[in-house]
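Here are the chains, one letter per residue:
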Amino acid sequence: MIKFGLLGWPITHSRSPQIHSLALKLAGLQGAYELFPIEPERKAELAAMIKKVREGQITGLNVTIPYKQEVMPFLDALSPNAKNIGAVNTITFKNGKVTGHNTDAPGFEADLANNGLELSYKPGEAVVFGAGGAARAVFYAFLNNGWQIHAFVRNVEKSKQVVADLRGKGLPGGMKLYGLADLSHTLKRNKIDVIVDTTPLGMAPHIDSSSWPSNVKFPVNCLVYDLVYNPENTLLMKQATAAGLRASNGWGMLVEQALLSFEIWTNVKINRADFNAAWQQTTHTP
Ligand code: NAP
């Protein structure tokens, strides 16, 4: 029987077991997806979990915070995405090697496409809030497609390393880092195509917070994408739609990255429309 799982902490609220159980059902495969919560004090157990993948006791693992980088020394190989992003969210054993992949970046890119924005069609300019773990994948997706990023963070000094790491990869796009106070000025000088929020602002229970300052006008004709998906309609999305813009939460990214991991483990590509229809029938919340 196929066995998948998720390594991380805390992960009790993860939706991955439901997403993968539905994927298994749609693929007609027998299997199970388990949560493997590992408290930071017990992180020495990561090596034993990865050994289980090598020995075939576990078919594949997902990895989430705080271990996306910590698992890397235990792996035999990295996909180009994982290597460039510097983080692993999917582990598999193929051709004698335990390999780390990153499906967050292609998952993000796929969901922007679902929202009508094909990054590979034409390079443009993006405003991104935050520079943490999820932001690395978002930055990579833009840079790899030749986009210019204006990244806004509350602590510029702390975020310089992420930018330096990605700049060092020789990717075609470009990136500038700003403090939050520079937003209005930057919007006046650049034509922004998409705004992405990678911070946890607006996530339940703090639903009244948003990265977008209420006194700043949105650029015209841009897509606003919030990685948060709980609540379904975040404050940032409400601000954007009130300004006449299209807005999306990050649920589609979560599903896309999960189904890309599923494909790596099983070689089965789940039809997205079938998945969404089946998901609606089982539950109505993201
Ligand atoms: P993370 O590594 O902790 O990074 C969070 C980032 O947000 C950091 O840059 C942090 O700045 C910034 N930030 C935090 N609180 C802030 C505040 N009050 N004001 C301004 N900036 C703030 O977290 P992560 O793993 O990147 O996750 C971020 C969010 O994305 C979470 O809500 C997570 O659920 C969501 N997410 C969604 C998906 C998806 O598939 N949709 C995937 C991954 C993550 P400092 O460095 O200064 O603390």
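Everything numeric in this text was worked out from a predicted model, so none of it was measured.

K.L.:
Any chance you could explain the packing of helix α4 (residues 104-114) against helix α5 (residues 133-144) here in plain terms?
P.N.:
When two helices pack together, you describe them by how their axes are tilted relative to each other and by the distance separating the axes. Interaxial distance between α4 and α5 falls to 8 Å at its minimum, and their mutual angle equals 65°. Where α4 crosses over α5, the two elements pack in a sense that is right-handed. Where α4 abuts α5, its residues Asp104, Ala105, Phe108, Glu109 and Leu112 lie against Ala137, Val138, Tyr140, Ala141 and Phe142. Here the contact of α4 with α5 is built from residues that sort into 8 nonpolar, no polar and 2 charged.

K.L.:
I keep staring at the sheet that holds strand β3 (residues 60-63) and nothing clicks. Help me out?
P.N.:
Consider a sheet: its strands pair through backbone hydrogen bonds, and that pairing is either parallel or antiparallel. Taken in spatial order, the 6 strands of this open sheet run β2-β1-β3-β5-β6-β4, and their pairing is mixed. What marks the edges here is a single partner per strand, and that holds for β2 (31-37) and β4 (77-78). With 4 bridges joining them, strand β1 (residues 2-8) and β3 adopt parallel strand pairing. Along β3, the bridge assignment pairs glycine 5 with leucine 61.

K.L.:
What am I meant to see in the nonpolar core here?
P.N.:
Most often, soluble globular proteins keep nonpolar side chains buried together rather than apart. If you look at the biggest cluster of nonpolar residues, it comprises 33 residues, and the most contacted ones within it are Phe108, Phe139, Phe142 and Val196. Top contributing element to this core by residue count: α5, with 8 residues. Listed in part, the 21 residues of the second largest apolar core include Ile19, Leu259, Phe262 and Ile264.

K.L.:
I keep staring at the pattern of salt bridges and nothing clicks. Help me out?
P.N.:
One side chain can pair with another of opposite charge once the charged atoms of both are near each other. In this structure the tally under the stated criterion is 11 salt bridges. Residue aspartate 76 is joined to arginine 54 by a salt bridge in which the shortest nitrogen-to-oxygen separation is 2.9 Å. With a gap of 22 residues between them, aspartate 76 in the loop between β3 and β4 and arginine 54 in helix α2 (residues 46-54) connect regions that are remote in the sequence. We classify aspartate 76 as partly exposed; its relative accessible area is 38%. Between glutamate 157 and lysine 160 there is a salt bridge whose closest N-O contact spans 3.1 Å. Of the two residues, glutamate 157 and lysine 160 are both situated in helix α6 (residues 156-167); the distance of 3 residues between them amounts to about one turn of the helix. Several salt bridges converge on common partners, so that one network encompasses Glu39, Arg42 and Glu45.

Scoring rules and cut-offs
Residues numbered from 1 in each chain as written. Predicted model: local features only at pLDDT ≥ 70, side-chain atom pairs only at ≥ 80, totals over all residues. Heavy atoms only, no water. Axes fitted to C-alpha atoms, helices over the stretch in contact; angles between N-to-C directions. Helix = DSSP H or I, 4+ residues; strand = E, 2+ residues; numbered from the N terminus. Left-handed = near helix turned anticlockwise from the far one by under 90°. Contact = heavy atoms within 4.5 Å. Nonpolar A, V, L, I, M, F, W, Y, C, P; charged D, E, K, R; others polar. Pairing = 2+ DSSP bridges. Core = buried A, V, L, I, M, F, W, Y, C linked by side-chain atoms within 4.5 Å. Buried < 20%, exposed > 50% of the residue type's maximum accessible area, 1.4 Å probe, protein only. Salt bridge = Lys/Arg side-chain N within 4 Å of Asp/Glu carboxyl O.

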